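Fold and contact review
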Amino acid sequence: MLFNSKTIFRLLPGLILVGSYVALLIFIQANFPGIQVKIPTSIHSLLGIVLGLLLVFRTNTAYERWWEGRRLLGQLVNSSRNLAIKFNTFLGKGNVATKQYLGKLIANYAFAMKEHLREGVIWEELEETECPTMLDLKNYIHVPNRIAGLIYEEANSLCIMGEFTNEQMLILEKQLEVFTDVAGACERIKKTPIPLAYSEHLKKFIFLFILILPMGFIHELKYMAIPVVMIIYYAFVGLQLIGEEIEDPFGNDANDLPTDQICETVRSSVCEILGVRS
């Protein structure tokens with residue numbers, strides 16, 4: 001499982017380079033007695049504490065973004081179900097065509113928002129509706145906003161025709177607002193990465209730490225220092241890479257959120273509630 005992960009392959013060139021670097025230091029020490037560089041282990045301890053704190057902050061910040069994204073997607077699922085339940089109750093046992101149309105729009109919103117966060121829309125994932133057609137939706141940059149507007153327009157038309165009371169329309173309006181709130185919060189996570197200066201500073205700190213690390217114990221460990229330094233490198237740089245990967249939780253990486261499955265859950269739940277075919 002470890003060697004099938006994306007992280008190990010990204011780290012492999014660095015691991016080889018670090019192992020070679022430590023081996024070179026050991027070779028120089030063994031063959032050139034006049035060149036001896038030894039750094040007290042207390043220096044490594046102090047630097048290790050500082051580096052550990054920086055990595056903890058980096059990882060926690062990235063995980064908070066990941067977890068907030070999961071909460072928002074859960075809110076999308078709940079809001080979709082609540083909206084479908086309200087439409088199904090307010091419309092009664094009839095209006096099958098209207099329920100089918102609304103069910104498609106609610107599910108399409110989830111799929112459109114998912115791909116909007118990935119810089120595009122997979123049109124094949126959206127279910128075709130008579131009005132508007134897919135061609136009409138392609139004229140819009142922010143497709144989720146357009147779909148949310150269509151749901152609101154349909155609800156407003158039904159209210160005008162007397163299918164809903166004004167009080168029921170207010171309930172639906174509050175539920176529809178959650179859709180745009182979720183989309184806006186997800187866009188905030190997507191478009192506000194952790195400052196580049198912080199990430200670059202952390203990478204330089206890790207590089208400096210690994211550079212001087214073997215000088216503290218190659219004299220005692222000899223060639224055993226190679227795997228020791230490689231393991232420490234793997235631990236520190238691996239945490240840095242994991243933080244970079246999960247800070248944008250809406251992508252297609254193995255550690256990103258299961259947005260595709262969540263959207264399928266929305267579609268199946270809405271279709272079941274409204275009693276329409278998926």
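Quick caveat, the model's predicted, so the values are computed rather than measured.

A look at the confidence of the model for the protein
Looking at the protein, pLDDT values average 86 and 94% of them are 70 or higher. Element-level mean pLDDT values for the protein span from 76 in helix α4 (residues 134-137) up to 92 in helix α10 (residues 259-274).

Details of the environment of Arg70
Here Arg70 lies in helix α2 (residues 41-91). For the pair Arg70 and Leu196, spaced 126 residues apart in sequence, the C-alpha separation works out to 24 Å. Apart from residues lying up to four places away in sequence, Arg70 is in contact with Leu257 and Ile262.

Points about the packing of α2 against α10
Contact geometry of α2 with α10 gives a least axis separation of 9 Å together with a crossing angle of 15 degrees. Comparing the axis directions of α2 and α10 gives the class roughly parallel. Crossing geometry of α2 relative to α10 is assigned as right-handed. Each of Arg70, Leu73, Val77, Ser80, Arg81, Ala84, Ile85, Phe87 and Asn88 in α2 lies in contact with α10, whose residues at this interface are Thr259, Ile262, Thr265, Val266, Ser269, Val270, Ile273 and Leu274. Looking at the contact of α2 with α10 residue by residue, the classes come out as 10 nonpolar, five polar and two charged.

A closer look at the layout of surface pockets
Gaps left between atoms are located by rolling a probe of water-molecule size over the structure's atoms. Reported here for the largest pocket is a volume of approximately 340 Å³. Around the largest pocket sit 14 residues that line it, and Val18, Ile206, Phe207, Tyr233 and Val237 are the ones nearest its centre. When contributions to the lining of the largest pocket are tallied by element, the ones reaching two or more residues are α1 (6-31), α7 (196-212) and α9 (225-246). Counted by class, the lining of the largest pocket contains 10 nonpolar, two polar and two charged residues.

Description of the state of the cysteines
Throughout the structure, instances matching the rule amount to zero disulfides. Left unpaired, Cys263 is separated from the closest cysteine sulfur, that of Cys186, by 10 Å. On the basis of relative accessibility, which here comes to 4%, the residue Cys263 falls in the buried class.

Side note on the packing of aromatic side chains
The final tally for this structure, using the stated rule, is seven aromatic pairs. Between Tyr63 and Trp66 the ring centres are 5.7 Å apart and the planes differ by 20 degrees, which places this aromatic pair in the stacked class. Here Trp66 and Tyr63 lie together in helix α2, a separation of three residues that amounts to about one turn. Pairing Phe90 with Phe164 gives two aromatic rings, centres 5.8 Å apart and planes at 70 degrees, and the pair type is edge-to-face.

Concerning the pattern of salt bridges
In total, this model carries 13 salt bridges according to the counting rule given. The residue Glu153 makes a salt bridge to Arg146 at a minimum N-O spacing of 3.3 Å.

Let's talk about helix α6 (residues 166-191)
The terminal C-alpha atoms of α6 lie 37 Å apart, and with 26 residues this matches the ideal 38 Å at 1.5 Å per residue to within 8%. Every buried residue of α6 is accounted for by Met169, Leu172, Gln175, Leu176, Val178, Phe179, Val182, Ala183, Ala185, Cys186, Glu187 and Ile189. The inward-facing, buried residues of α6 abut α2, α3 (96-116) and α5 (143-160).

Focus: the packing of α2 against α7
Interaxial distance between α2 and α7 falls to 11 Å at its minimum, and their mutual angle equals 150 degrees. Classified by the interaxial angle, the pair formed by α2 and α7 is roughly antiparallel. In this structure, the crossing between α2 and α7 has a hand that is left-handed. Residues His44, Leu47, Gly48, Val50, Leu51, Leu54, Leu55, Phe57 and Arg58 of α2 touch α7, and the partners they reach there are Tyr198, Ser199, Leu202, Phe205, Ile206, Phe209 and Ile212. In terms of residue class, the contact of α2 with α7 is built from 12 nonpolar, three polar and one charged.

Some words on the side chain of Ser79
With respect to the secondary-structure elements, Ser79 resides in helix α2. Contacts of Ser79, omitting those with residues within four sequence positions, involve Gln175, Val178 and Phe179.

Notes on the nonpolar core
Ranked by size, the top nonpolar core spans 50 residues in total, and within it Leu83, Phe87, Tyr109, Met113, Ile147, Ile151 and Phe164 carry the most contacts. Elements with a contribution of two residues or more to this core: α2, α3, α4, α5, α6 and α10. With 10 residues, the single largest contributor to this core is α6. Ignoring sequence-local partners within four residues, the contact set of Met113 consists of Leu73, Leu76, Pro144, Val182, Ala183 and Cys186.

Calculation rules
- Residues numbered from 1 in each chain as written.
- Predicted model: local features only at pLDDT ≥ 70, side-chain atom pairs only at ≥ 80, totals over all residues.
- Heavy atoms only, no water.
- pLDDT = per-residue confidence, 0-100.
- Helix = DSSP H or I, 4+ residues; strand = E, 2+ residues; numbered from the N terminus.
- Contact = heavy atoms within 4.5 Å.
- Axes fitted to C-alpha atoms, helices over the stretch in contact; angles between N-to-C directions.
- Parallel < 35°, antiparallel > 145°, perpendicular 65-115°, else oblique.
- Left-handed = near helix turned anticlockwise from the far one by under 90°.
- Nonpolar A, V, L, I, M, F, W, Y, C, P; charged D, E, K, R; others polar.
- 1 Å grid on protein atoms, 1.4 Å probe; cavity = no way out; pocket = protein on both sides within 12 Å on 5 of 7 lines; lining within 4 Å.
- Points joined across faces, edges and corners; volume = space filled by probe spheres on them.
- Disulfide = S-S within 2.5 Å.
- Buried < 20%, exposed > 50% of the residue type's maximum accessible area, 1.4 Å probe, protein only.
- Phe/Tyr/Trp six-rings, centres within 6.5 Å; stacked < 30°, edge-to-face > 60°.
- Salt bridge = Lys/Arg side-chain N within 4 Å of Asp/Glu carboxyl O.
- Expected span 1.5 Å × (residues − 1).
- Core = buried A, V, L, I, M, F, W, Y, C linked by side-chain atoms within 4.5 Å.

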